[in-house]
Amino acid sequence: MTNIDTQRLPIGVFDSGVGGLSVLKILQEQFPNEDFIYIGDNANNPVGNRPTEEITEIACRIAETLHQLPVKLMVIACNTFTVVALDEVRSRVNVPVIGVSQGVKTAIRESNSNTIGIMATVATVNSHIHKHVAMEIDHEVFVWEQPCPELAGLIEQGHLQDDAVREAAKDYLAPMLERDIDVVVLGCTHFPFVRSVLQELSGDSIRYIDPAYETSDLVKRTMDSNNLHNPSTKQGHSTLYFTKDIVLGADLGAQFLDTDNFSVELICLLYTS
Ligand code: DGL
């Protein structure tokens, strides 16, 4: 394949469900002339409470499916897949693979009290990746890691504003409100979809950081250094694939995405070895 053919390929983006659409939105804003292929494996959602071997297997199956389509670059738009499976995914495909950023650099910069919170899945919290990265930036920062085992699953079932999601969010916010944390990283790509509920429950005392902006900067640097930018001047198209049902994906896509130039379809993932 010539370089120009590679540049015209889509960028692959994937998650365990609709969460990664919050990353896709920012990528579409930053790269309006790129085509995207998104896979949300909602048949396997949520992944964040599963053992690491299962999480790795699910991530690799999605990545290998995307690789066959093909794509020129992959963005793992899921914190859980990133912390558990990034290295294994990289070893299975021969395109650049970018994981979602931790967002702690922005959080530390924005915090007045140098106390930050991380809301994430159980698997992500257990990796302590946010704390490690934060300590490397500023060893005096206080980091509260809050596991949110129910939140991604609720969002995936379409609970975006109702009592079920509010009750869960209240429980997860309580320890952070007690500790005067002023900045919280949304360490799961599903959570930006309930940001307004979180903001309403915590009031102005907490500011929420969406790491998708840091991720998008990393994608740009990788595209620059690998000469991968699409030379097209037309608006790009996004194809959103889901493995179980397309209803929530189509709905969130219509509400949140930066463009209406997208289509939504079901997909069967490849079986990998
Ligand atoms: N959206 C994913 C993340 O960023 C995980 C959701 C899940 O538990 O499946 O961690």
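All of the points below concern the structure found in this document. (Residues numbered from 1 in each chain as written. Predicted model: local features only at pLDDT ≥ 70, side-chain atom pairs only at ≥ 80, totals over all residues. Heavy atoms only, no water.)

## Observations regarding the site of the ligand
Taken together, 14 residues lie around the ligand, and Ser 16, Val 47, Asn 79, Thr 80 and His 190 are the ones closest in. Asn 79 is positioned with one of its backbone polar atoms (N or O) 2.8 Å from an oxygen atom of the ligand. Thr 189 is positioned with one of its backbone polar atoms (N or O) 2.8 Å from an oxygen atom of the ligand. For the ligand, the protein covers 99% of the area, taking 300 Å² as the surface of the free molecule. Each residue belonging to the shell around the ligand can be placed in one class, and the counts come to 5 nonpolar, 8 polar and 1 charged. (Near = heavy atom within 4 Å. Polar contact = N/O pair within 3.5 Å; in protein donor to acceptor, adjacent residues only side chain to side chain. Areas by Shrake-Rupley, 256 points an atom, 1.4 Å probe, with all protein chains shown as cover. Nonpolar A, V, L, I, M, F, W, Y, C, P; charged D, E, K, R; others polar.)

## Digging into the sheet that holds strand β7 (residues 183–186)
On the basis of which strands lie adjacent, the open sheet formed by 4 strands has the order β6-β5-β7-β8 and parallel pairing. If you trace the sheet from one side to the other, it starts and ends with β6 (142–147) and β8 (207–209), each paired once. On average, adjacent strands in this sheet sit at an angle of 25° to one another, irrespective of strand direction. Sheet topology note: the β7/β8 ladder contains 3 bridges and is parallel. Directly across from Val 184, in β8, lies its bridge partner Tyr 208. The strands touched by helix α9 (residues 163–178) are β5 (115–120), β6, β7 and β8; relative to β6, the strand with the most contacts, the crossing angle is about 165°. The sheet contacts of helix α10 (residues 195–202) involve β5, β7 and β8, and relative to β8 the element is tilted by about 155°. (Pairing = 2+ DSSP bridges. Helix = DSSP H or I, 4+ residues; strand = E, 2+ residues; numbered from the N terminus. Axes fitted to C-alpha atoms, helices over the stretch in contact; angles between N-to-C directions. Contact = heavy atoms within 4.5 Å.)

## Structural notes on the packing of aromatic side chains
According to the stated counting rule, one finds 3 aromatic pairs in the structure shown. On the basis of an interplanar angle of 45° and a centroid distance of 5.8 Å, the ring pair of Phe 14 and Phe 81 is categorised as tilted. Residue Phe 14 is found in strand β1 (residues 11–15), and its partner Phe 81 is found in helix α4 (residues 79–92); the two are separated by 67 residues along the sequence. Relative to Phe 242, the ring of Tyr 38 has its centre 5.9 Å away and its plane inclined at 55°; by these criteria the two rings are tilted. Of this pair, Tyr 38 sits in strand β2 (residues 36–40) while Phe 242 sits in strand β9 (residues 238–242); the two residues are 204 residues apart in sequence, bridging distant segments of the chain. (Phe/Tyr/Trp six-rings, centres within 6.5 Å; stacked < 30°, edge-to-face > 60°.)

## What to know about unusual backbone geometry
Following Asn 45, the chain continues to Pro 46 via a peptide bond in cis, the omega torsion being -5°. Of note, Pro 46 is situated in the loop between β2 and α3 (52–68). The step from Leu 69 to Pro 70 runs through a cis peptide bond, and the omega angle for that step is -5°. Mapped onto the secondary structure, Pro 70 falls in the loop between α3 and β3 (73–76). The backbone phi angle of His 128 is positive, close to 55°, even though this residue is not glycine. With respect to the helices and strands, His 128 occurs in the loop between α6 (122–127) and α7 (129–137). With phi around 55°, Asn 227 is a residue other than glycine that occupies positive phi space. You can see Asn 227 is positioned in the loop between α11 (212–226) and β9.

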